[in-house]
Amino acid sequence: MVLVFGKTGILGVLLVLSLAGCDFRRVVVNDPVVADSLKELVPGKSTMQDVAGKLGAPDEIEEGAGGMVFRYRYGDSKTMRVNFGWILRVLLPVSPSMNLGRGEGVTYILHVALRPDLTFDHSVIQPPPDTPHFWFWPF
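Residues numbered from 1 in each chain as written. Predicted model: local features only at pLDDT ≥ 70, side-chain atom pairs only at ≥ 80, totals over all residues. Heavy atoms only, no water.

As annotated in an unreviewed UniProt entry, the chain carries the name Lipoprotein SmpA/OmlA domain-containing protein and comes from Candidatus Nitrospira neomarina.

Visitor: Describe the overall build of the chain, listing the residues and the values that go with them.
Guide: When you go through the chain residue by residue, the secondary structure sums to three helices and five strands. With 139 residues in all, the chain has 19% of them scored as buried. Restricting to contacts in the chain with at least 6 residues of sequence separation, those with at least 24 account for 56%. As displayed, the chain offers around 10300 Å² of accessible surface, 63% of which is attributable to carbon and sulfur atoms. (Helix = DSSP H or I, 4+ residues; strand = E, 2+ residues; numbered from the N terminus. Buried < 20%, exposed > 50% of the residue type's maximum accessible area, 1.4 Å probe, protein only. Contact = heavy atoms within 4.5 Å. Areas by Shrake-Rupley, 256 points an atom, 1.4 Å probe, with all protein chains shown as cover.)

Visitor: Any chance you could break down the nonpolar core for me, citing the residues and the numbers?
Guide: Residues Leu38, Leu41, Val51, Met68, Phe70, Tyr72, Leu110, Val112, Leu114 and Phe120 constitute the largest nonpolar core, which totals ten residues. Counting residues per element, the ones that place at least two in this core are strand 3 (67–83) and strand 4 (99–114). Filtering out sequence-adjacent residues up to four positions away, Leu41 remains in contact with Ser46, Asp50, Val51, Lys54 and Phe120. (Core = buried A, V, L, I, M, F, W, Y, C linked by side-chain atoms within 4.5 Å.)

Visitor: Residue-level account of the pairing of strand 3, with values.
Guide: Summarising the sheet, strand 2 (residues 60–64) and strand 3 pair through five bridges and their orientation is antiparallel. Directly across from Glu63, in strand 3, lies its bridge partner Met68. Joining the antiparallel neighbours strand 2 and strand 3 is a turn of two residues. (Pairing = 2+ DSSP bridges.)

Visitor: Provide a residue-level description of the pattern of salt bridges, including the pertinent values.
Guide: Applying the stated rule across the entire model yields six salt bridges. The salt bridge partner of Asp76 is Arg26, with a shortest N-O separation of 2.7 Å. Here Asp76, found in strand 3, pairs with Arg26, found in strand 1 (residues 21–29); they are 50 residues apart in sequence, far enough to count as distant. Classification of Arg26 by relative accessible area gives exposed; the value is 55%. For Lys54, the salt bridge goes to Glu40, with nearest N and O atoms at 2.4 Å. With Lys54 in helix 3 (residues 48–55) and Glu40 in the loop between helix 2 (35–39) and helix 3, this residue pair connects regions lying 14 residues apart in the sequence. What emerges from the salt-bridge pattern is a single network uniting Glu60, Glu62, Arg71 and Arg73. (Salt bridge = Lys/Arg side-chain N within 4 Å of Asp/Glu carboxyl O.)

Visitor: Can you explain a nonpolar patch on the surface? Please cite residues and give values.
Guide: Residues Val90, Leu91 and Leu92 make up a contiguous nonpolar surface patch of roughly 320 Å² in combined accessible area. Following the sequence through the fold, Leu91 ends up in the loop between strand 3 and strand 4. (Patch = residues over 30% accessible without salt bridge, like charges linked within 9 Å, V, L, I, M, F, W, Y side chains within 5 Å.)

Visitor: Tell me what's going on with the environment of Leu110, and back it up with residues and numbers.
Guide: Of note, Leu110 is situated in strand 4. Relative accessible area serves as the criterion here: at 1%, Leu110 is assigned to the buried category. Counting along the chain gives 41 residues from Leu110 to Val69, while the straight-line C-alpha distance between them is 9.8 Å. Leaving out residues up to four positions away in the same chain, Leu110 has contacts with Val33, Leu38, Leu55, Phe70, Arg71, Tyr72, Ser123, Val124 and Ile125.

Visitor: Before we move on, could you go through the environment of Val28 and cite the residues and values that matter?
Guide: Relative to the assigned elements, Val28 resides in strand 1. Spatially, the C-alpha atoms of Val28 and Thr107 are 9.6 Å apart, while their sequence positions differ by 79 residues.

See the structure below:
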């Protein structure tokens, strides 16, 4: 690369890349569920208040004929974007958005089932869906 561009070319490429807007983000929603807190819940004896005391307020509550279901979500997503339109803001009054990026998100859902008498019945952790095998963006 040094032989083709020379030092001036490398400095030019670095200058152009420094003008591009880069963006790295990480978003975490809720605390991860600890399995030890679920072990303390006894089916048929632990109440709805015990579940809320151990796990906190649920993100979603669904009521049915067989009782209630508390849903707790934990999410962790990471994204990276490069906005090449940022370079044009030097020349134009409005910078067009030319974003290239990729993100990765993971969401776990804990389902806690309660009996009709509002005592703990069982819990299930729903894993995140599998990642797709084909990515349009190669990076």
